[in-house]
Amino acid sequence: MSVSSHDSETRVPEGRAVLHGTPVSPGIAVAPAFVYGDILDEIEVRTIDASEVEGELARLHDAIALVKKELLRDTEQVTRELGQDKADIFLVHSMILEDKSVLDAILDAIRNDHVNAEAAVAQEMKRVAAVLSSADDRYLRDRAYDVSDIGKRVIERMLGVWAHCPLSQPMILVSRELRASDTASMERGRILGFVTELGGTESHAAILARSLGVPAMAGVEGILDKVRTGEVVAMDGALGVAVVAPSADTRARYERMREEEARERHELASVLELPAVTRDGTEIALMSNVASGDEARRAAELGSDGIGLLRSEMVFMSANLFLDEDAQFKAYREAVEAMAGRPVTIRTLDVGGDKFVGTENPLREHNPNLGYRSTRVLLDRPDLLLAQFRAILRASSPGTVRILLPMISSVEELRQALGRLDEAKSELRLKGIAFDENILVGVMIEIPSAAMVADRLAKECDFLSIGTNDLVQYTLAVDRGSSYVSRLYRPHDPSVLALIARAVEGAASAGKPISLCGEMAGTPAYVPLLIGLGLREFSVSNGRLPGTKKAIRDVDLDTAISLAKEAVAAITASAVGALLGLDGG
Ligand code: PEP
Ligand code: MG
């Protein structure tokens, strides 16, 4: 798909190396690279003076004490939120930290070999991990990962996460993978681009990169060996090209492209002042997907029609903890106040898959996207669900807030969730706390089974919202976060279009509204097709409002309807791609 706005610049780029990967987030960046590899391999090994030994031991003890405290907090929290068995991983980490032979080896390296504390930890953890990973027993082999993990955590507490980054200026982050938690906690303005080895185009980290407007590309094999920290990289996220140590000519060209892009973005932004109507006057509601109160304020500034999706798990992920009812209430209230009466759709927690509160998946499932995720977790944990419902209800006043339930796969799940909502309402009534008694409840259509029974779901709720990011993944069996299969991730596959059409018909048959909040709506090439399929409400990240609005204003309804008919009847995704004018189908 051609999303590049600078096709005129077609000369072959020159530099020490030209890397190609999967385009993840468009944009041009030129900056020195920070290569973030395995922290255990990047530790500076230093011989310390005898006089420094005590100081190094104190730093080590402080860091271990801090990590133990954090592990205790994590254990309590996860036990409370998800149950004791899910917290076992933290107990394993504590046990590693308390292992006398491990600690003695580290102390010995500092005291007798005069090695600096972080190098002593790295050395020992690598040694133990190597021994474990060659064990015959699977359980022991799996523990190698935990040993490295806890070693990294102790070192990070001694150094600070960014301490081994020698660059103080903004940089392009080069790493093996981009985790959603990294993007969520990333310092704004410090990272100008991402180049990674792993990761697909629709992972949550990718979506975050796009909504932050940070260029990103993935799927560059062996990336950590191809760039050195400090080397300038010129990257084009839309094309998935990164030039390492570009020639003066190439560097100047990328700088020019960056300026041109900023100018185009500025021009495109002027469309925001115009209404979202097609050429023939069909009105489309254009809302925002947000992850925080700040983004909700930005949505209001940009004239968005409302919040079509507040990903509540992102609020938890930024805080790096499971928020209690009051903290949630505050966060939701912020968004509601920012939108001053325009609707705010708050989605209940969608954790699991590639989203975790904390940095790692505590469950280690083999197929996390098909596993213990989202509403499945909440229905199992009524305390969490009730607290979230109460917080959302408390933030509501008539007509302002809507509740959206993610990952619903059947009418039974919807009924169970609605039962819990009734309980939460009763609890508030008993306490005399006001809320919107008629709060609307919607269901995400992001699992094929839900699309197939959309008519029945629509009868029992107030609205539907299609999440194409997951719907594509589950329909085509293509992991949205994998670079290996990203070429198969095609939202315009006729099978996906059939499910969207089915969901639209299902909503219409029940007389309920339906919107689309997946990334498809933020891709201008898909907008005529989606309008032709009958959709009249979209929700996209703030950064995509101008592009989507411009695409809406270019649509002619009759042409769009014919296009959709042809696309739904097409035999292959490539044929639909050709209809839509996508490069390469
Ligand atoms: C989707 O799946 O399309 C969606 C909007 O939800 P998320 O990307 O958060 O999974
Ligand atoms: Mg989803």
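Remember, it's a predicted structure, so these values are computed and weren't measured experimentally.

Student: What exactly am I supposed to notice about the state of the cysteines here?
Tutor: The term disulfide refers to a covalent linkage connecting the sulfur atoms of a pair of cysteines. The tally for this structure, following the rule as stated, stands at 0 disulfides. Of all cysteine sulfurs in the structure, the one in Cys 517 sits closest to Cys 461, which takes part in no disulfide; the separation is 13 Å.

Student: Would you take a moment to explain the packing of helix H22 (residues 557-569) against helix H23 (residues 573-580) for this structure?
Tutor: Helix-helix packing is characterised by the crossing angle of the two axes and by the distance between the axes. Between H22 and H23, whose axes approach to 9 Å, the crossing angle comes to 160 degrees. Accordingly, the angle class assigned to the pair H22 and H23 is roughly antiparallel. Crossing of H22 over H23 shows right-handed handedness. Residue-level contacts link Leu 563, Glu 566 and Ala 567 of H22 to Val 576, Leu 579 and Leu 580 of H23. Residues of the contact of H22 with H23, tallied by class, amount to 5 nonpolar, no polar and 1 charged.

Student: When you look at the nonpolar core in this model, what are you seeing that I'm missing?
Tutor: Note on soluble globular proteins: their nonpolar side chains tend to be buried together. Counting residues in each nonpolar core, the largest one holds 96 residues, and the members touching the most others are Ile 445, Leu 464, Ile 500 and Phe 538. At 8 residues, helix H19 (residues 494-509) tops the list of elements feeding residues into this core. Those residues in contact with Leu 464 that sit more than four places away from it in its chain are Val 443, Ile 445, Ala 454, Leu 457, Ala 458, Ala 503, Ala 507, Pro 513, Ile 514 and Ser 515. Among the nonpolar cores identified, the runner-up in size contains 34 residues, and Leu 40, Val 67, Leu 97 and Val 115 belong to it.

Student: Help me out: how do you make sense of unusual backbone geometry in this one?
Tutor: Located in the positive-phi region is Ala 245, a residue other than glycine, with phi close to 45 degrees. With respect to the helices and strands, Ala 245 occurs in strand E8 (residues 241-246). The exposure class assigned to Ala 245 is partly exposed, which follows from its relative accessible area of 29%. Here the phi dihedral of Ala 340 falls at roughly 40 degrees; this positive angle occurs in a residue that is not glycine.

Student: I keep staring at the sheet that holds E8 and nothing clicks. Help me out?
Tutor: The pairing of strands in a sheet happens through backbone hydrogen bonds and is either parallel or antiparallel. Sheet architecture is open: 8 strands sit in the order E1-E8-E7-E3-E4-E5-E6-E2, paired in mixed fashion. Lying at the two open borders of the sheet, with one neighbouring strand each, are strand E1 (15-20) and strand E2 (22-25). Across this sheet, the average inter-strand angle for adjacent strands is 30 degrees, counted without regard to direction. The sheet contact formed by strand E7 (residues 232-236) and E8 spans 4 bridges and is antiparallel. Among the inter-strand pairings, Asp 236 is bridged to a residue of E8, identified as Val 241. Helix H8 (residues 204-211) contacts E2, strand E5 (191-196) and strand E6 (216-218) of the sheet and is inclined by roughly 60 degrees relative to E2. Here helix H9 (residues 248-269) sits on the sheet and contacts strand E3 (28-36), E7 and E8; the angle it forms with E3, its principal contact strand, is near 115 degrees.

Procedures and definitions
- Residues numbered from 1 in each chain as written.
- Chains lettered and ligands numbered in written order.
- Predicted model: local features only at pLDDT ≥ 70, side-chain atom pairs only at ≥ 80, totals over all residues.
- Heavy atoms only, no water.
- Disulfide = S-S within 2.5 Å.
- Axes fitted to C-alpha atoms, helices over the stretch in contact; angles between N-to-C directions.
- Helix = DSSP H or I, 4+ residues; strand = E, 2+ residues; numbered from the N terminus.
- Parallel < 35°, antiparallel > 145°, perpendicular 65-115°, else oblique.
- Left-handed = near helix turned anticlockwise from the far one by under 90°.
- Contact = heavy atoms within 4.5 Å.
- Nonpolar A, V, L, I, M, F, W, Y, C, P; charged D, E, K, R; others polar.
- Core = buried A, V, L, I, M, F, W, Y, C linked by side-chain atoms within 4.5 Å.
- Buried < 20%, exposed > 50% of the residue type's maximum accessible area, 1.4 Å probe, protein only.
- Pairing = 2+ DSSP bridges.

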